[in-house]
Amino acid sequence: MEFRKWFPKGTLVFSEGDVGSCAYIVEEGCVEISVGGEHVHVATRRAGEVFGEMAIIDDKPRSASARAVDDCTLLMITREQLAQRIAVADPILRLCIGVLLENVRHTTRRLTRPADPTERTQQVGDAARQEALAAIRLEQEIENAIDLGQFELWYQPMVELRTGRIGGFEALIRWRHPERGLIPPGRFIPAAERSGLIVPMTRWAFRRACEDLLRFGEELSMSVNFSIRDFATPDFLQEVDLALGEIGVRPDHVKFEITESLLMDSPDTAKRLLGDLRQRGAKVAIDDFGTGYSSLRYLSSLPIDSLKIDQSFVRGMFIDDSNRSLVHSIVNLARDLGMSTTAEGIEEVVQASALRELGVELGQGFLFSRPQPADKIEGFLAAWRPPAYLGGA
Ligand code: C2E
Ligand code: CA
Ligand code: CA
């Protein structure tokens, strides 16, 4: 597909009523926008300006015509390029964009037609409205749940594959909803991230995980999940220092788990903050490693302690040889960069043994234990014996 197009002076770029497949950025030249069979001139677009964007946002026919008044070079933004971005946008934002466009279309129609008092001006689709309503409700419920203390941390052990001993835990959040029971994080973390509520949620989780670590055993380590929004708050480090100081946990027993996408979205902020965390002795792990697109050059420049090999590779190790080689490559890469590795999603003994042989340091998965509520952990630790397949007696 061509992304740049030339229109000689006087040609029509599109007409009112056409199905729109792209928007345009004027690179050179000048375009006139008009309505009512080109009788009413509504705007002129010059170099650097955008036009034709409405039809690709809301899928409705062009509400105006565009004609090149000079020789023009136009850059195109396709419907697909935009659709991918809108699909992942916040539902409330999508609803507001829909309403805004309806209002603009209504105003444009009024330029050539008399007002129709029976016309509905906001015909945004029901699905979009329902989705936005659900998002607003969920966000309000999350906010209340934070105030009411409805969140809990469950803990999954991380096992040293060489010795079979417990090295630490990962804190995984759950929502104990009074009517709907225990809700897994996949159902509310995305909404919490979109709305910014993740920030108070993570602050609470970090403190609670540190407090629980003191109960479980100070020699262990505690991994906590952080999102990009947490890193973006200006007092992030201050809050970390405050929590560690007040609770009395040694920073080198705390691990910050972040995903590759966080590194890629704001590389400079990530680099600075990771450096600051490292200075305090805290550890940093890259979660779901292998599913993102971090460049190796960038990765090697960051102060990272370990890579968490994504579950999908572990699951696939005995299904597909390429997964096994991938795990092997990640372990070698980590070693070369002076990092350690953790494997998640271990469900079978053969996987644990193979990962141990490859030299993966820590393992996590249902084979060892599912995540458990905090009050079960002390009993779990007391009963734990290194399994025979990891060299235990
Ligand atoms: P994650 O950080 O990759 O966490 C690992 C997920 O895999 C957990 O799901 C865990 O229960 C599950 N898991 C562990 N072992 C196995 C296994 O052997 N097999 C299978 N099939 N699954 C296993 P969970 O607890 O539902 O958490 C899902 C995601 O939610 C987490 O993925 C993390 O991205 C996010 N999350 C959880 N707690 C927090 C939190 O406090 N803050 C933030 N920002 N995100 C969190
Ligand atoms: Ca994690
Ligand atoms: Ca993970």
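To be clear, the structure that these remarks concern was listed above.
Engineer: Before we move on, could you go through the environment of A171 and cite the residues and values that matter?
Structural biologist: Among the secondary structure elements, A171 is positioned in strand β10 (residues 166-177). A residue is classified by how much of its surface remains accessible, and A171, at 5% relative accessible area, is buried. C-alpha separation for the pair A171 and L133, spaced 38 residues apart in sequence, amounts to 31 Å. Those residues in contact with A171 that sit more than four places away from it in its chain are L153, W154, Y155, A209, M222, S223 and N225.

Engineer: Could you give an account of the coordination of the calcium ion (ligand 3), naming the residues involved and the relevant values?
Structural biologist: Around the calcium ion (ligand 3), the protein contributes the donor atoms D287 (OD), D288 (OD), E344 (OE) and E344 (OE), which lie 2.1 to 2.8 Å from the metal centre. The sequence motif formed by the donor residues of the calcium ion (ligand 3) is D-D-x55-E. Between the calcium ion (ligand 3) and the calcium ion (ligand 2), both coordinated by D287, there is a metal-metal distance of 4.3 Å. With D287 in strand β14 (residues 283-289) and E344 in the loop between β16 (340-343) and α14 (349-358), this pair connects stretches of sequence that are 57 residues apart.

Engineer: Lay out the site of ligand 1 with the relevant residues and their values.
Structural biologist: Neighbouring ligand 1 are 19 residues, the closest being Q156, R174, Q311, E347 and F366. Contact between ligand 1 and N225: an oxygen atom at 3.2 Å from a side-chain N or O atom of the residue. Side-chain polar atom of E347 to a nitrogen atom of ligand 1: 2.5 Å apart, as the coordinates give it. Relative to its unbound accessible surface of 800 Å², ligand 1 loses 80% to contact with the protein. Residue assignment for the shell around ligand 1 shows that the elements contributing at least two residues are β10 and β14.

Engineer: Outline the pattern of salt bridges, supporting the account with residue identities and numerical values.
Structural biologist: In total, this model carries 20 salt bridges according to the counting rule given. We note a salt bridge from R280 to D241, for which the minimum N-O separation is 2.6 Å. With a gap of 39 residues between them, R280 in the loop between α10 (267-279) and β14 and D241 in helix α8 (residues 236-247) connect regions that are remote in the sequence. In this structure D241 comes out as partly exposed when scored by relative accessible area, which is 32%. Measuring nitrogen to oxygen at the nearest pair gives 3.4 Å for the salt bridge that ties D305 to R278. Residue D305 is found in the loop between α11 (296-300) and β15 (306-309), and its partner R278 is found in helix α10; the two are separated by 27 residues along the sequence. Classification of R278 by relative accessible area gives partly exposed; the value is 36%. Within this structure, E170, E257, K308 and E344 form a network of salt bridges that share partners.

Thresholds, definitions, all that
Residues numbered from 1 in each chain as written. Chains lettered and ligands numbered in written order. Predicted model: local features only at pLDDT ≥ 70, side-chain atom pairs only at ≥ 80, totals over all residues. Heavy atoms only, no water. Helix = DSSP H or I, 4+ residues; strand = E, 2+ residues; numbered from the N terminus. Buried < 20%, exposed > 50% of the residue type's maximum accessible area, 1.4 Å probe, protein only. Contact = heavy atoms within 4.5 Å. Donors = N, O, S within 2.8 Å, 3.2 Å for Na, K, Ca; no water. Near = heavy atom within 4 Å. Polar contact = N/O pair within 3.5 Å; in protein donor to acceptor, adjacent residues only side chain to side chain. Areas by Shrake-Rupley, 256 points an atom, 1.4 Å probe, with all protein chains shown as cover. Salt bridge = Lys/Arg side-chain N within 4 Å of Asp/Glu carboxyl O.

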